[in-house]
Amino acid sequence: MIELQNKIAELAEEAKKAELNDKAKLEEFRIKFLGSKGLVKQLFSELKTVPNENKREAGQHINSFKLFIEELFESAKDLVSEKSEKKEQIDFTRPGEAVLLGSRHPISLVREEIIAIFSKIGFVISEGPEIEDDWHNFSALNFPPEHPARDMQDTFFVEKGEKEMALRTHTSSVQVRIMENQKPPIRTISPGRVYRNEAISARAHCFFHQVEGLYIDKKVSFADLKQTLLYFAKDLFGEKAQIRMRPSYFPFTEPSAEVDVSCTLCNGKGCNVCKYTGWLEIMGCGMVDPNVLEACGIDSTIYSGFAFGMGVERIAQLKYRVNDLRLYSENDVRFLQQFKSAL
Ligand code: PHE
């Protein structure tokens, strides 16, 4: 009796240790323990040799061993088949879903490029509000109240409480804020969105983006302005780029100029992009009018400065040959995807 109990305990230990993690091992286990010539069957046949008075007890031992083995077998079988079912659900040969890569907007690309070029020579970025008051957008910049120059830029006016406000028509407004709050030397560029009340067409939009620059220090001259802009043009359009300046008028600069860059397509020889002039207009600039410096609390007898301002869409148009302004804000993926390689 004791012998039989020990044997069962040994077999139970052996069964517990058996690795039952695949179908082949499971089958081996089944044959060994539960098969027609298996160990369980053998134990039952040994029952014959047990004395009558112990038969009942011995039979119970063998029976519970049988149940134990069956349970072990069944739960291992479930685990193995669950595993293989899961495997079957995943089709490893199915092609993966492509991850769609976005591209950066051409306006962002060009704005970053312009900023990078001026950062190299010490210009820092300044930003300001898009809804401005009359002072920062016009008056401080030497636009007298009834001056016709205000009509140069058709303005969107908005009401904010009692005060009439406007959507800024240029980022020169940011520079007024800088001049009011900082002491020279000032070397800053103001990138940002601006608004003008114009009919939307291929050549005009009611909003666009600018980068305006301002440099104020002692003895800043027109020559400094010219060299700075030549450096910029060469960095942006290539070593061969040339610039020229044509006299112009802005209320906030004196003298003022319009800046052209030699045509990037024909290198100045004349083509249909530059309308056979060899030149493309890229920005306005000039020496900051002393009235503007004084309005912002800077002593114009000690300091002088230059300012310039360009449209980002215009530069992007020249770089990427986009000749319809509306494309920039339509969000047509076919248009935007073309700038992937420019990242
Ligand atoms: N503020 C001008 C514009 O929006 C550009 C400009 C800036 C011209 C600075 C001269 C100097 O058109």
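As a reminder, the structure under discussion sits directly above these lines.
Undergrad: Help me understand the site of the ligand, please; the structure alone is not making it clear to me.
TA: Looking at the ligand, there are 14 residues lining it, with H170, S172, R196, Q210 and E212 nearest. For the ligand, a nitrogen atom lies 3.1 Å from a polar atom in the side chain of H170. Here R196 contributes a side-chain N or O atom positioned 2.9 Å from an oxygen atom of the ligand. Secondary structure elements with two or more residues in the shell around the ligand: β6 (207-217), β9 (279-288) and β10 (304-311). Per element, the largest residue contribution to the shell around the ligand is three residues, and it comes from β10. When the residues that make up the shell around the ligand are grouped by side-chain class, the tally is five nonpolar, seven polar and two charged.

Undergrad: Looking at this structure, how should I read the pattern of salt bridges?
TA: In a structure, side chains of opposite charge can pair up when their charged atoms sit close to one another. Under the definition given, this model contains 18 salt bridges. Among the salt bridges present, the one from E239 reaches K234, with a minimum N-O distance of 3.9 Å. For D260, the salt bridge is made with R244, and the minimal N-O distance between the two is 2.8 Å. Taken together, the positions of D260 in strand β8 (residues 253-262) and R244 in strand β7 (residues 243-250) put the pair 16 residues apart, joining distant regions of the chain. Within the structure, one salt-bridge network assembled from shared partners comprises R244, R246, D260 and E281.

Cut-offs used in this document
Residues numbered from 1 in each chain as written. Predicted model: local features only at pLDDT ≥ 70, side-chain atom pairs only at ≥ 80, totals over all residues. Heavy atoms only, no water. Near = heavy atom within 4 Å. Polar contact = N/O pair within 3.5 Å; in protein donor to acceptor, adjacent residues only side chain to side chain. Helix = DSSP H or I, 4+ residues; strand = E, 2+ residues; numbered from the N terminus. Nonpolar A, V, L, I, M, F, W, Y, C, P; charged D, E, K, R; others polar. Salt bridge = Lys/Arg side-chain N within 4 Å of Asp/Glu carboxyl O.

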